[in-house]
Amino acid sequence: MAKAPVLTPQAEDFPRWYQDLINKAELADNGPVRGTMVIRPYAYALWERMQQDLDARIKKAGAQNAYFPMFIPQSYLTKEAEHVEGFAPELAVVTHGGGKELEEPIVVRPTSETIINEYFSKWVQSHRDLPLLINQWANVVRWELRPRAFLRTTEFLWQEGHTAHATYEDARAYASRIHTEVYAGFMTDVLGIDVTLGRKTAKERFAGAINTLTLESMMGDGKALQMGTSHELGQNFAKAFNTTFLSNGSEREHVWQTSWGVSTRMVGGLIMSHGDDSGLRVPPRLAAVQAVVLAIKGDEAVLAKVREIGAQLEAVGVRVVVDDRTDTPFGRRAVDWELKGVPVRIEVGPRDLEAGTAMLARRIPGGKEPVSVDSLAAVLPGILEEDQALLLAQSRARREARTVEVATIDEAVEAAATGWGRISWAELGPQGEAKLAEQGVSVRCIVAEDGSVPASDDQSGNIAIVARAY
């Protein structure tokens, strides 16, 4: 009788495979309130490494970290009409506190444009105060009707940047810098995920923004996932909150603003972009554990050798765990590490010890081969970089292979059944976008004819990328 697979095969049921992997790899659990999530240590370690790298990039772009309250007076949200309309269905509202009804209801932070503008209006007085570049790492709450771990949860973790500038041009350039240097750079260089950079349509734009820049990635089943966004807010919030400054010409002017964010959704994107039927595959640059050294048996000499190998790898900068839990069967431990997607397993038993070798199992390309123990510290860093590059190449190849040129709405819907479609935005337009939406297909972004980010929605030659999305 054939052994039952550990995970539901992707080709059989991709959503079930995703949920199986989250459970079996011990990434997350459902919280007690519908739509909430408990992030388990292994997945939280991935999030911490995402935070560390992104935080360094954000600071290099000139922003400083701050923190703002999660409770926001409801009146703040009503000041910007499009903003409150866009978020109204997702709001969690507190009406009682300390056993009494509150004089004014309090909204649990869905995003912080409103409360941050309240303080920007106090902090910005002169052109000398600009640009003001602020970022915060926080949680937000959006009442999600169709929750899915990491992808859509009622509460999630993220960073949100908020900036104020003296000119439209400066704000626009900064939103673009975050989009390309911070987000795209991180996603390709660290996550190993191919991303398409473009503009959102007016329909898909962030509530209250004049332009939204997005990063879209194709998941393993051909659907799109929005990995992050950077918004040009224009002067909408500045006018609502009277955020003004005294210009060089001694005139009082409204600031120009941006906001931008990525979230724990990136963990879901990582799973669905790189995972296979054996589990997760973690990019080596991101991995909290890049290599695990496993003792096959509890032989004292074997245990001593795996600890020695672990120390040697740690000395050359490899993030390593020594698994000497020989009271747990080796096969079970190997499967567990494979599920978790650790890039490299180094397996050592009595026979390996005699030969002066270890069995090297590479999770990303697959396969095993014996390697001299003495060479491990020298060769492993290069192997990890090879495998990092392979993940990005595979992600890009999937997007290229499953994206097709289409000319009609019917062809676009057909393309979205297995991947993405590219169609002229001038031909599709908002009316075609609405017809696609009726069939569960959305315009993920608009790109220029050469694949770059267009300067405007109506730039000649613009292409709409259409897909089904998470």
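Scroll up to find the structure.
Some words on the sheet that holds strand β17 (residues 344–348)
Right, so step 1: Strand order in the open sheet formed by 5 strands is β16-β15-β17-β18-β19, and the pairing between neighbours is mixed. Edge positions in the sheet fall to β16 (320–323) and β19 (368–372), since each of these pairs with one other strand and no more. Adjacent strand axes in the sheet meet at a mean angle of 25°, parallel and antiparallel pairs treated alike.
Right, so step 2: Direction of pairing for β17 relative to strand β18 (residues 357–362): antiparallel, over a ladder of 4 bridges. Bridge pairing in β18 places V344 opposite R362.
Right, so step 3: Most of the contacts of helix α9 (residues 300–315) go to strand β15 (residues 291–295), to which it runs at about 170°, and overall it touches β15, β16 and β17.
Right, so step 4: The sheet contacts of helix α12 (residues 376–401) involve β15, β17, β18 and β19, and relative to β18 the element is tilted by about 10°.

Structural notes on unusual backbone geometry
Right, so step 1: Of note, the amide linkage connecting L130 to P131 takes the cis form, showing an omega dihedral of -5°.
Right, so step 2: Here P131 shows up in the loop between α5 (113–123) and β7 (132–141).
Right, so step 3: The phi dihedral of E26 falls on the positive side, at around 60°, and the residue is not glycine.
Right, so step 4: With respect to the helices, strands and loops of the structure, E26 is situated in the loop between α1 (14–24) and β1 (28–30).

Describing the pairing of strand β21 (residues 420–424)
Right, so step 1: In this structure, strand β20 (residues 403–405) lies alongside β21, joined through 3 bridges in parallel fashion. Its bridge partner lying in β21, E405 is registered against R422.
Right, so step 2: On the question of chirality, the crossover connecting β20 to the parallel β21 by way of helix α13 (residues 409–415) is right-handed.
Right, so step 3: Judged from the 4 bridges that link them, β21 and strand β23 (residues 463–467) form a sheet pairing that is antiparallel. Bridge pairing in β23 places G421 opposite V466.

Scoring rules and cut-offs
- Residues numbered from 1 in each chain as written.
- Predicted model: local features only at pLDDT ≥ 70, side-chain atom pairs only at ≥ 80, totals over all residues.
- Heavy atoms only, no water.
- Pairing = 2+ DSSP bridges.
- Helix = DSSP H or I, 4+ residues; strand = E, 2+ residues; numbered from the N terminus.
- Axes fitted to C-alpha atoms, helices over the stretch in contact; angles between N-to-C directions.
- Contact = heavy atoms within 4.5 Å.
- Right-handed = clockwise from strand over helix to strand, strands pointing away.

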